There are 2 protein chains.
Amino acid sequence: MIKNQLIIIKIGGNVTDNEETLRSVLNDFTHIPFPKILVHGGGNRADRMCQALNIIPQKVEGRRITDAATLEVVTMVYAGLINKTLTAQLQALNCNAIGLTGADLNLIQAHKRVKGSIDYGFAGDIDIINVENIDNLLKLGFTPVFAPITHDKKGQLLNTNADTIAAQLAVNLCKTYQTTLIYCFDKPGVLLDPKDESSVIPQMNYQDYQLHKTHGSIAGGMIPKLDNAFAALKSGVARIVICGSKGIGLRDESPKTPQQQGTMLTLDTIESHAF
Amino acid sequence: MIKNQLIIIKIGGNVTDNEETLRSVLNDFTHIPFPKILVHGGGNRADRMCQALNIIPQKVEGRRITDAATLEVVTMVYAGLINKTLTAQLQALNCNAIGLTGADLNLIQAHKRVKGSIDYGFAGDIDIINVENIDNLLKLGFTPVFAPITHDKKGQLLNTNADTIAAQLAVNLCKTYQTTLIYCFDKPGVLLDPKDESSVIPQMNYQDYQLHKTHGSIAGGMIPKLDNAFAALKSGVARIVICGSKGIGLRDESPKTPQQQGTMLTLDTIESHAF
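The model shown is predicted, which means the values in this text are computed figures rather than measured ones.

A. Fine view of the overall build of chain A. In terms of regular secondary structure, chain A is built from nine helices and 14 strands. Across the 275 residues that make up chain A, the buried fraction comes to 56%. Contacts in chain A between residues at least 24 apart in sequence constitute 69% of all its contacts with a sequence separation of at least 6. Entry remark: accessible area of chain A is about 11800 Å², with carbon and sulfur atoms responsible for 48%. Taken as two groups, the 26 positive and 26 negative side-chain charges of chain A have centres that lie 3 Å from each other.

B. Looking closely at the pairing of strand β14 (residues 263-266) of chain A. Residues and elements named next belong to chain A. Alternating residues of β14 divide into Thr263 and Leu265, all buried, and Met264 and Thr266, none buried. Direction of pairing for strand β12 (residues 203-205) relative to β14: parallel, over a ladder of three bridges. Paired with glutamine 203 across the bridge in β14 is methionine 264. Bridge count between strand β13 (residues 239-243) and β14: three bridges; the pairing is antiparallel. Counterpart to isoleucine 242 in the pairing with β14 is threonine 263.

C. Expanded view of the relation of the copies chain A and chain B. Structural alignment of chain A on chain B gives an RMSD of 0.0 Å, achieved by rotating through 180 degrees and translating 0.0 Å along the axis. Overall, the copies show the geometry of a two-fold rotation axis. Taking C-alpha positions as the reference, the residue of chain A nearest the rotation axis is glycine 80 of chain A, at 1.8 Å. Taken as a fraction of all interface residues of chain A, those also at the interface in chain B reach 100%, which identifies the copy contact as same-surface.

D. Inspection of the sheet that holds strand β12 (residues 203-205) of chain B at higher detail. Residue and element names in this part refer to chain B. The mixed open sheet is built from eight strands, whose spatial order is β5-β8-β2-β1-β11-β13-β14-β12. Among the strands making up the open sheet, the edge pair consists of β5 (97-100) and β12. When the angles between neighbouring strand axes are averaged without regard to direction, this sheet yields 20 degrees. Most of the contacts of helix α4 (residues 68-92) go to β5, to which it runs at about 175 degrees, and overall it touches β1 (4-11), β2 (36-40), β5 and β8 (143-146). Sheet strands touched by helix α6 (residues 162-173): β1, β2, β8 and β11 (177-184). Its angle to β11, the strand with the most contacts, is close to 165 degrees.

E. Spotlight on the nonpolar core. In terms of nonpolar packing, the biggest core is built from 89 residues, with Ile8, Ile37 and Leu169 of chain A together with Ile8, Ile37 and Leu169 of chain B touching the most fellow members. With sequence-adjacent residues up to four places away left out, leucine 169 of chain B is seen in contact with Ile8, Ile37, Val39, Ile129, Ile134 and Phe146 of chain B. Of all hydrophobic cores here, the second largest spans 80 residues; its members include Met49, Ala79, Ala103 and Ile182 of chain B.

F. Here's a closer look at the interface of chain A and chain B. Facing the 39 residues of chain A at the interface are 39 residues of chain B. Summed over both sides, the interface between chain A and chain B buries roughly 3100 Å², with carbon and sulfur atoms accounting for 67% of that surface. For chain A, the biggest contributors to the area lost against chain B are Met76, Lys84 and Leu105 of chain A; these three give 20% of the whole. Linking chain A with chain B are four salt bridges, by the criterion used here.

G. A look at the sheet that holds strand β2 (residues 36-40) of chain A. Residues and elements named next belong to chain A. Overall, mixed pairing links the eight strands, which are arranged β5-β8-β2-β1-β11-β13-β14-β12 in an open sheet. Lying at the two open borders of the sheet, with one neighbouring strand each, are β5 (97-100) and β12. Direction aside, neighbouring strands of the sheet carry axes that sit 20 degrees apart on average. When β5 meets strand β8 (residues 143-146), the two strands line up parallel, connected through four bridges. Looking at β8, one finds that isoleucine 98 is bridged to proline 144. Set on the sheet, helix α6 (residues 162-173) makes contact with β1 (4-11), β2, β8 and β11 (177-184); between it and β11 the angle comes to about 165 degrees.

H. The arrangement of helix α8 (residues 222-234) of chain A in detail. Residue and element names in this part refer to chain A. Over its 13 residues, α8 runs 18 Å from end to end, which matches the ideal 18 Å to within 8%, given 1.5 Å per residue. Burial in α8 covers these residues: Met222, Lys225, Leu226, Ala229, Phe230, Ala232, Leu233 and Lys234. Residue glycine 236 follows α8 closely and has a positive phi angle near 115 degrees.

I. Quick look at the pattern of salt bridges. Summed over the entire model, instances satisfying the criterion amount to 25 salt bridges over all chains. For the salt bridge of arginine 45 of chain A with glutamate 72 of chain B, the shortest nitrogen-to-oxygen distance reads 3.0 Å. Of this pair, arginine 45 of chain A sits in helix α3 (residues 43-52) while glutamate 72 of chain B sits in helix α4, on two different chains. Where aspartate 47 of chain B meets lysine 59 of chain B, a salt bridge forms, and the shortest distance between an N and an O atom there is 2.9 Å. One end of the pair, aspartate 47 of chain B, is in helix α3 (residues 43-52); the other, lysine 59 of chain B, is in strand β3 (residues 59-60), with twelve residues separating them in the sequence. With a relative accessible area of 14%, aspartate 47 of chain B lands in the buried category. In the salt-bridge network here, residues are joined through shared partners; they are Lys10, Asp163 and Lys225 of chain A.

J. Looking closely at helix α8 (residues 222-234) of chain B. Residue and element names in this part refer to chain B. Within α8 the residues assigned to the buried category are Met222, Lys225, Leu226, Ala229, Phe230, Ala232 and Leu233. All buried residues of α8 project into a common sector of 155 degrees when viewed along the axis, lining one side. Tucked into the core, α8 has its buried residues touching α6, β12, α7 (206-215), β13 (239-243) and β14 (263-266).

What counts as what
Residues numbered from 1 in each chain as written. Chains lettered and ligands numbered in written order. Predicted model: local features only at pLDDT ≥ 70, side-chain atom pairs only at ≥ 80, totals over all residues. Heavy atoms only, no water. Helix = DSSP H or I, 4+ residues; strand = E, 2+ residues; numbered from the N terminus. Buried < 20%, exposed > 50% of the residue type's maximum accessible area, 1.4 Å probe, protein only. Contact = heavy atoms within 4.5 Å. Areas by Shrake-Rupley, 256 points an atom, 1.4 Å probe, with all protein chains shown as cover. Lys, Arg positive; Asp, Glu negative; His and termini not counted. Charge placed at Lys NZ, Arg CZ, Asp CG, Glu CD. Pairing = 2+ DSSP bridges. Least-squares fit on C-alpha atoms with pLDDT ≥ 70 in both. Axes fitted to C-alpha atoms, helices over the stretch in contact; angles between N-to-C directions. Core = buried A, V, L, I, M, F, W, Y, C linked by side-chain atoms within 4.5 Å. Buried area = accessible area lost by both parts, 1.4 Å probe. Salt bridge = Lys/Arg side-chain N within 4 Å of Asp/Glu carboxyl O. Expected span 1.5 Å × (residues − 1). Arc of directions from axis to C-beta.

Note that all results are geometric; they support no functional claim without further evidence.
Below you can see the structure in the form of structure tokens.
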């Protein structure tokens, strides 16, 4: 059976915070001629709202500690302000967007992260993606726009990492669709030299990645991102692209498969057989 | 053709602001054995958020002046905090809720209110209800939960009165459904004596209403509410009930038609033939 294409694009604060960049990205997104899902973050905006409300944002290794007051802020900023602004802007471009959280139609059910040495508060780790209802929306020609808020099906909203939501959507929908996952971040791709934006690695397989890690040319925050990406590929996601805000535009007017600029991640033959 | 029943319930801040009342209302709502839509307000909560952010809420005759900063607040509070909290709570009760604004799927298209002697700012007056897409959601067994935010299809979100959204949904859906509209507010119904909560008028037709107005037993804020309600009846809404938070519970376990406590508004025979 030939599966239909599905494109899942995650955009971060570098896109949603800049009016011009956002306009360009949403325009490119609208022109993708496949069923598609947008996932957004918005941490910077949430930080600014916390400050305006005299709530001090608390983070451990970049991960937010979500106390009750912070949960209210992220629910307002992610699910209200950013999500509905994106939805209205996509509607203006004739993309039939629908803004969603994991609570809507129980699309993403999570549990409150178990307390370890750190109590992350109302942070949610995903349990179930409701593939049937997402597919129902896609079949009606709707374009889901996900805010990084989930729930526990017991009435509690939870703050969940947007990168993880995008990856979990891609993994869970790859049985039904040929799924491409695109991380649109603040660099034009994975760089061989972090200081040189022209040093984008166009394609990287798992073995290349291991070599880059060993040589130290890939380090820091890219490592968890790439570990998660390769895990998603191993779980059946067809294609993962890491790119900048200009990377989601299509190179070809009527492509048969999605084509983006940036770094295309692939499994090498041995790895893909192993899983 | 016998139309299916559809119940549209509007709840105000008196319900969403009180945890216990809200739990009871959502429980009653969940048990209504018909397709249903919830519409919520949240002005009090928005006022408190404005104050926390040092934005002074401005109102003329109870209607909010929505400047750009206030629009951000109402989008956050209505479409984010209140809408997603209600959605998560309904999901916990196994009601398959989906939180929406008018921007989602272009469900409610509005225009920025034309400046008269008062500039209401980003206030939206409704132009089009997208009946087809609402019906698509209802047919899938989903329960729409509407925040009082619409858009102009040009990328601008707009603040729109929740009572009006509920009435417009009821009027526009009455071609497809036998529509009951329930306003759940802070009194148990329309009172003959505003100081006596036991003086609920159980049923009132348009002629009764005119008499009550003439005698002065109905006055003030009830008049625009009732004028709008009778206009909706004249436009084909089957039934309108004005009740308190305990009014939406069903009297009968398996009713053939919706039965609520409170004040049932009807057109008299002459009026209903006239339209």
